[in-house]
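The residues making up each chain are set out below.
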Amino acid sequence: GAVVSQHPSWVICKSGTSVKIECRSLDFQATTMFWYRQFPKQSLMLMATSNEGSKATYEQGVEKDKFLINHASLTLSTLTVTSAHPEDSSFYICSANDRTSGRALNHEQFFGPGTRLTVL
Amino acid sequence: QKEVEQDPGPLSVPEGAIVSLNCTYSNSAFQYFMWYRQYSRKGPELLMYTYSSGNKEDGRFTAQVDKSSKYISLFIRDSQPSDSATYLCAMTQYNFNKFYFGSGTKLNVKP
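Re the overall build of chain B
For step 1, the next point in the chain: Counting its regular elements, chain B contains 0 helices and 11 strands.
For step 2, the next point in the chain: Along chain B, helices and strands appear, N-terminal first, in the series β-β-β-β-β-β-β-β-β-β-β.
For step 3, the next point in the chain: Counting only C-alpha atoms, chain B reaches 40 × 30 × 20 Å along its principal axes.
For step 4, the next point in the chain: By sequence separation, contacts in chain B at least 24 residues apart represent 55% of the contacts at least 6 residues apart.
For step 5, the next point in the chain: Surface summary for chain B: the accessible area is close to 5,400 Å², and the carbon and sulfur share equals 46%.
For step 6, the next point in the chain: For chain B, the distance from the average position of its 12 positive side-chain charges to the average position of its 10 negative side-chain charges is 6 Å.

A look at the packing of aromatic side chains
For step 1, the next point in the chain: For the structure on display, the rule yields 13 aromatic pairs over all chains.
For step 2, the next point in the chain: Summarising the aromatic geometry, the rings of F111(A) and F101(B) are spaced 5.9 Å apart at their centres and angled 75 degrees between planes, so their arrangement reads as edge-to-face. Here F111(A), found in strand β10 (residues 110-111), pairs with F101(B), found in strand β10 (residues 99-101), and the two come from separate chains. Grouping residues by exposure puts F111(A) and F101(B) together as buried.

Focus on the sheet that holds strand β1 (residues 4-6) of chain B
Residue and element names in this part refer to chain B.
For step 1, the next point in the chain: The strand order across the open sheet formed by 5 strands is β1-β3-β8-β7-β6, and the pairing between neighbours is antiparallel. Edge positions in the sheet fall to β1 and β6 (54-58), since each of these pairs with one other strand and no more. Each strand axis lies, on average, 15 degrees off the axis of its neighbour in the sheet, ignoring direction.
For step 2, the next point in the chain: Taken together, the 6 bridges between strand β3 (residues 19-25) and strand β8 (residues 71-76) define a ladder with antiparallel strand orientation. Note on β8: the bridge partner recorded for N22 is S73.

Quick look at the interface of chain A and chain B
For step 1, the next point in the chain: Contact with chain A, which involves 22 residues of that partner, is made by 19 residues of chain B.
For step 2, the next point in the chain: Summing both sides of the interface, chain A and chain B together bury roughly 1,600 Å²; the carbon and sulfur share of this comes to 58%.
For step 3, the next point in the chain: Taken together, the links from chain A to chain B amount to 1 salt bridge.
For step 4, the next point in the chain: In this structure, the salt-bridge partner of E59(A) is K98(B), at a minimum N-O distance of 2.4 Å.
For step 5, the next point in the chain: Across the chain A-chain B interface, the total number found is 4 residue pairs in polar contact (both at pLDDT 80 or more).
For step 6, the next point in the chain: Of all the secondary-structure elements, those providing two or more residues to the side of chain A that touches chain B are β4 (32-38), β5 (44-51) and β9 (90-97) of chain A.
For step 7, the next point in the chain: Grouping the constituent residues of the side of chain A that touches chain B by class yields 9 nonpolar, 9 polar and 4 charged.

Thresholds applied
Residues numbered from 1 in each chain as written. Chains lettered and ligands numbered in written order. Predicted model: local features only at pLDDT ≥ 70, side-chain atom pairs only at ≥ 80, totals over all residues. Heavy atoms only, no water. Helix = DSSP H or I, 4+ residues; strand = E, 2+ residues; numbered from the N terminus. Contact = heavy atoms within 4.5 Å. Areas by Shrake-Rupley, 256 points an atom, 1.4 Å probe, with all protein chains shown as cover. Lys, Arg positive; Asp, Glu negative; His and termini not counted. Charge placed at Lys NZ, Arg CZ, Asp CG, Glu CD. Phe/Tyr/Trp six-rings, centres within 6.5 Å; stacked < 30°, edge-to-face > 60°. Buried < 20%, exposed > 50% of the residue type's maximum accessible area, 1.4 Å probe, protein only. Pairing = 2+ DSSP bridges. Axes fitted to C-alpha atoms, helices over the stretch in contact; angles between N-to-C directions. Buried area = accessible area lost by both parts, 1.4 Å probe. Salt bridge = Lys/Arg side-chain N within 4 Å of Asp/Glu carboxyl O. Polar contact = N/O pair within 3.5 Å; in protein donor to acceptor, adjacent residues only side chain to side chain. Nonpolar A, V, L, I, M, F, W, Y, C, P; charged D, E, K, R; others polar.

Take a look at the structure:
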């Protein structure tokens, strides 16, 4: 199956700093990437959808100036948490669709392993 | 009302038991239904998907969709301790623009 990686897997930062999380599709072109946030014992909360070469579409209640998303290439999307605060501590997961190769079906999302962010 | 409702559990069963996991939803436009398995601190992995109503079987796993009742199920036969994980249902409309997830059911299969 298609592989999605995330880096870093775990990051600890001080309050007020910015943190960048990378999401890469390793063996396919990800025309669409999704960014999710997951709190303990809760489900995935979609934060934004990013299409390569265009601005991300943010879900209601998600601050686009706080969570900067860039999808500059077909294999890389980044999420930057700006001026992080302790309440931003969470598990961030990206997923990607492969709609170009015909190898994967449209409904398949391939998830990265997640990034655990802890803001002190 | 949430788009997708799922009992969070936890659900604890003995090894070899048949497990039934369920979700209900409110949007009749959903057409694709998925089940994901998520181990602790890992990303979800796709287990099963079904288009529209019907059943689908894959090894020990069977997915059922009843669109008239807006109810989907995942059955696990001969459950194993390695099946212990959180199971998430998910669904989307025909355009796949957004996926809606249930809150996940934590399953523990005891040896």
